[in-house]
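So you can see what is in the structure, the chains are spelled out below.
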Amino acid sequence: MINNSEILKEQILDLCKQYYELKHKPDDFNINKDKVYYAGRVFDYSEIQNLVSASLDFWLTAGQYTEEFEFNLAEFLGLSNAITVNSGSSANLVAITALTSSKLKDRRLKSGDEVITVAAGFPSTVAPIVQNRLIPVFVDIELGTYNVNTELVEKAISPETKAIFLAHTLGNPFNLDIIMHLAKKYNLWLIEDNCDALGSRYKEKLTGTFGDLATCSFYPAHHITTGEGGAVVCEDEELAKICKSVRDWGRDCYCVGGESNTCGKRFSQQYGTLPYGYDHKYVYSEIGYNLKMTDLQSAIGCAQIKKLNSFINKRINNFSYLLSRLKQFEDFLILPQATEFSDPAWFAFPITIKNNKGITRNQITSYLEENRVETRNLFSGNLLRHPGFLNIEHRVSGMLTNSDIITNDTFFIGCYPGLDEIRLNYICDVFSSFFNSL
Amino acid sequence: MSVVVKSPCVVIYLKRITETLTIIELQPLKRLPKYKPGQFLHLTLDYYDPAKNWPESRVFSIANYDPEVKTLRVIYSVKGKYTKLMNDNLQENQQVWVKMPYGDFTFNSITDNMIFIAGGTGITPFLSYLESIKYKIPDKNIWLFYGAKEKNCMVGEELIDDIVLVNPRFKVKKYLEYKNGNERYEMGKLEAEKILEELQSIGEADFYISGPPEMIQYFKQSIIDAGIKQEFIHIDAWE
């Protein structure tokens, strides 16, 4: 029998739909006024309804929507575990911190161990390495794919190297055949920073399913959004348990908020030097954080993940459109190139200015911005040139020549699902007018 | 621990084996995640409102293996207030709620030999595992030592006997506390000394123990005393 609160809830949710139509339904593109963003939230009334429904439930912390979102995310990836966190950066922090757990015995990462990564990317791939007193070892990238130059990785491995932590840059998978081979050969952990690549595939297998751990981001620029949010995903049950613990204050207990004795042995275990039977809810096995996602965020994620496949297809199609239209400027521009055997769900469309053509990145990005086409640099460029990273303990294997080139000459434009053909066409027309004006 | 999901379930089958031992089968009304043999669920008789706290529930090993999670089997005996409540009230077509899967008693053995020691309804995680390997070519040697009070309490016997017939690497010894003259069973309680003696020649093995707490403690300690490292001993213990 439906009670009054349920009837009222139905009415509120129906009003949400009406509100969406009036307030948020995308307008047609006005070519003389509107900006073409590189990314943005793509949503309809269902995200608002879910968010309001979660608000009315007022559970607030991880609850039914988090449960559903984690289930659907794990199922999408074909993995057993998805552990939601409050951002992609937190996911990276949880993933690398989990590998320092004493539960991993001889394989745990210890202070001073080396982690292979790249300097040209987003800082939160590297920051958690440093925060865990591990030593990042930087390897150069390739132009075009913007991924690690896999030919250089083996040379960078030393006896101290214990892990590889790499992003699939802007959704483009790195060469997983080579990296998986090296991880196996040298018994290295592999973390895939999959924050920009949810839905990308390498040899038809989804990225984020190759490594020991992988991370996702649900910031609004990403493939799906929960506002702030992220996740660590993996198959291994022990790693999943450690990740949950690191996320949840380091506690050993894995009960979700408001629950007790899920393990069925709350008062009958021996931990450390605690008295026998010390309440499991307050036993701490890791040095942890509190990085949980709220149920309100997950509620948005539940609606978003239903759209994920269509978002991926839209990104792929938008990317193809831009590539076909911008090919005519290849004399001036290095256009993006998918890694061999991969099908990227592109995060964005990266472009590098060829260095002998008499134009600079700032010339072209200024022109695009003046004409309301939003651009971004490829994140940090060479991270080692940033104030916060000048004095970190690190090792560089070889030279970071291409990392420096992208610091100076690379930018990206959007290919996100909110771009329709009119907007894509407009972007390409602005490029044309720039090159015609030279 | 996999992603955990809560779902209402309908009791589609209920069979009382004895006054205190019951088998139920549940049909989930929502998609549930895949589980690994040996994992457990929480079952509550109360209605669960996601906006409220999870009601009082009881932990049960999942006694079957269904990759599609269309059916969940639970075997329970009355051990306390909650199982008594279940015994008194559960009926076919009744709706209950479960949350699952939990647990790391999942048979990831380090060695090539797996020793299963089951007391009473402690057989349930092993039944799930045996069902999962029933039609597969085994890559491990398995010894099952299974003790029950009496013949009709020996649940899952048909499955066990079927696997013995097709799988030469699976060996079973069944013990009845109250023997009825049947030669297929050993008489008396499971004894650690006898089991360890029988296993002397097999080399390294992983021990899996499931049953009443005092039985688990007895076997765990006996196995440790026999010089076997803790990392080879896996227990399915709840309060």
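Computed from a predicted structure; not experimentally measured.

Backbone-to-backbone hydrogen bonds pair the strands of a sheet. The strands run either parallel or antiparallel. All names here are of chain B. Pairing is antiparallel in the open sheet, where six strands are placed in the order β4-β3-β6-β1-β2-β5. Every interior strand has two partners, whereas the edge strands, β4 (58–61) and β5 (72–77), have only one. Ignoring strand direction, the axes of neighbouring strands in this sheet form an average angle of 40°. Pairing of strand β1 (residues 5–16) with strand β6 (residues 95–102) involves six bridges; the strand directions are antiparallel. Following the sheet pairing, P8 is matched in β6 by W97.

Another point: the nonpolar core. Counting 50 residues, the largest nonpolar core has L26(B), L43(B) and L72(B) as the members making the most contacts within it. Element by element, the count of residues in this core is highest for helix α3 (residues 64–77) of chain A, at seven residues. In contact with L43(B), other than residues within four places in its own chain, are I24(B), L26(B), S57(B), R58(B), F60(B), Y82(B), M86(B), V96(B), W97(B) and V98(B). Among the nonpolar cores identified, the runner-up in size contains 31 residues, and V137(A), L170(A), Y202(A) and F347(A) belong to it.

Next up on the list: the interface of chain A and chain B. Every contact between the two is made by 28 residues of chain A and, on the other side, 26 residues of chain B. Summed over both sides, the interface between chain A and chain B buries roughly 2300 Å², with carbon and sulfur atoms accounting for 45% of that surface. Taken as a group, E67(A), F71(A) and E237(A) account for 27% of the area that chain A buries against chain B, more than any other trio of residues on that side. Inspection of the region where chain A meets chain B yields seven salt bridges. Put simply, chain A and chain B have eight residue pairs in polar contact (both at pLDDT 80 or more) between them. Broken down by secondary-structure element, the contributors of at least two residues to the side of chain A that touches chain B are α3, β1 (81–85) and α8 (237–247) of chain A.

All names here are of chain B. Among the five residues of strand β11 (residues 206–210), five are classified as buried, and the element is accordingly described as predominantly covered. Judged by which residues are buried, β11 turns out to be covered on both faces: D206, Y208 and S210 on one side and F207 and I209 on the other are all buried. In the sheet, strand β7 (residues 113–119) pairs with β11 via five bridges, with the strands oriented parallel. Paired with F116 across the two strands is Y208, which belongs to β11. Two strands pair when backbone bridges link them, and β11 and strand β12 (residues 233–236) are joined in this way by four bridges, in the parallel orientation. Each bridged residue has a counterpart across the sheet, and for I209 the counterpart in β12 is I235. Remark: the β11/helix α5 (residues 213–225)/β12 crossover connection has right-handed handedness.

So, about the packing of helix α1 (residues 4–23) of chain A against helix α2 (residues 45–57) of chain A. Residue and element names in this part refer to chain A. Viewed as axis vectors pointing N to C, α1 and α2 meet at an angle of 145°, and their least axial separation amounts to 9 Å. Taken as a pair, α1 and α2 cross one another with a handedness that is right-handed. Seen from α1, the contacting residues are K9, I12, L13, D14, C16, K17 and Y20; seen from α2, they are Y45, I48, Q49, V52, S53, L56 and D57. Here the residues of the contact of α1 with α2 sort into eight nonpolar, two polar and four charged.

The next thing to look at is the environment of S380(A). Residues and elements named next belong to chain A. With respect to the element layout, S380 can be found in the loop between β13 (376–377) and β14 (395–396). A relative accessible area of 9% means that S380 is categorised as buried. With 23 residues separating them in the primary sequence, S380 and S403 have C-alpha atoms 9.8 Å apart. Ignoring any residue separated from it by four or fewer positions in sequence, one finds S380 in contact with A119, G121, P123 and H386. From its side chain, S380 meets the backbone oxygen of G121 in a polar contact 2.7 Å long.

Bringing the packing of aromatic side chains into the picture now. Counted according to the given criterion, the structure contains 35 aromatic pairs over all chains. Plain terms: the ring middles of Y48(B) and W97(B) are 5.1 Å apart, the flat faces sit at 75° to each other, and that makes the pair edge-to-face. On the criterion of sequence distance, the pair formed by Y48(B) in the loop between β3 (40–44) and β4 and W97(B) in strand β6 is long-range, its members being 49 residues apart. Considered together, Y48(B) and W97(B) belong to a single accessibility category, that of buried residues. Ring geometry for Y218(B) versus F219(B): centroids 4.9 Å apart, planes at 65°, classification edge-to-face. Residue F219(B) is classed as buried on the basis of its relative accessible area, which comes to 1%. A network of ring pairs unites the aromatic residues F105(B), F107(B), F116(B), F126(B), Y129(B) and Y208(B) as a single cluster. Here the guanidinium or amino end of K17(A) rests over the ring plane of Y45(A), the centre of that ring lying 4.6 Å away. Its end group placed over the ring of W189(A), R107(A) keeps NZ or CZ at 3.8 Å from the ring centre.

Glancing now at unusual backbone geometry. In this chain, M100(B) is followed by P101(B) through a cis amide linkage whose omega measures -5°. Residue placement: P101(B) occurs in strand β6. Non-glycine residue R133(A) carries a positive phi angle of around 60°. Among the structural elements, R133(A) can be located in the loop between α5 (123–131) and β3 (135–139). Since its relative accessible area comes to 64%, R133(A) is described here as exposed. You will see that N187(A), though not glycine, has its phi angle at about 55°, which is positive. Mapping N187(A) onto the fold places it in the loop between α7 (176–185) and β5 (189–193). On the basis of relative accessible area, N187(A) is assigned to the partly exposed category, the value being 48%.

Attention now moves to the side chain of N81(A). On the secondary structure map, N81(A) appears in strand β1. A polar contact of 3.3 Å, which involves the side chain of N81(A), links it to the backbone oxygen of E235(A).

Rules used throughout
Residues numbered from 1 in each chain as written. Chains lettered and ligands numbered in written order. Predicted model: local features only at pLDDT ≥ 70, side-chain atom pairs only at ≥ 80, totals over all residues. Heavy atoms only, no water. Pairing = 2+ DSSP bridges. Helix = DSSP H or I, 4+ residues; strand = E, 2+ residues; numbered from the N terminus. Axes fitted to C-alpha atoms, helices over the stretch in contact; angles between N-to-C directions. Core = buried A, V, L, I, M, F, W, Y, C linked by side-chain atoms within 4.5 Å. Buried < 20%, exposed > 50% of the residue type's maximum accessible area, 1.4 Å probe, protein only. Contact = heavy atoms within 4.5 Å. Buried area = accessible area lost by both parts, 1.4 Å probe. Salt bridge = Lys/Arg side-chain N within 4 Å of Asp/Glu carboxyl O. Polar contact = N/O pair within 3.5 Å; in protein donor to acceptor, adjacent residues only side chain to side chain. Right-handed = clockwise from strand over helix to strand, strands pointing away. Left-handed = near helix turned anticlockwise from the far one by under 90°. Nonpolar A, V, L, I, M, F, W, Y, C, P; charged D, E, K, R; others polar. Phe/Tyr/Trp six-rings, centres within 6.5 Å; stacked < 30°, edge-to-face > 60°. Lys NZ or Arg CZ within 6 Å of the ring centre and 35° of its normal.

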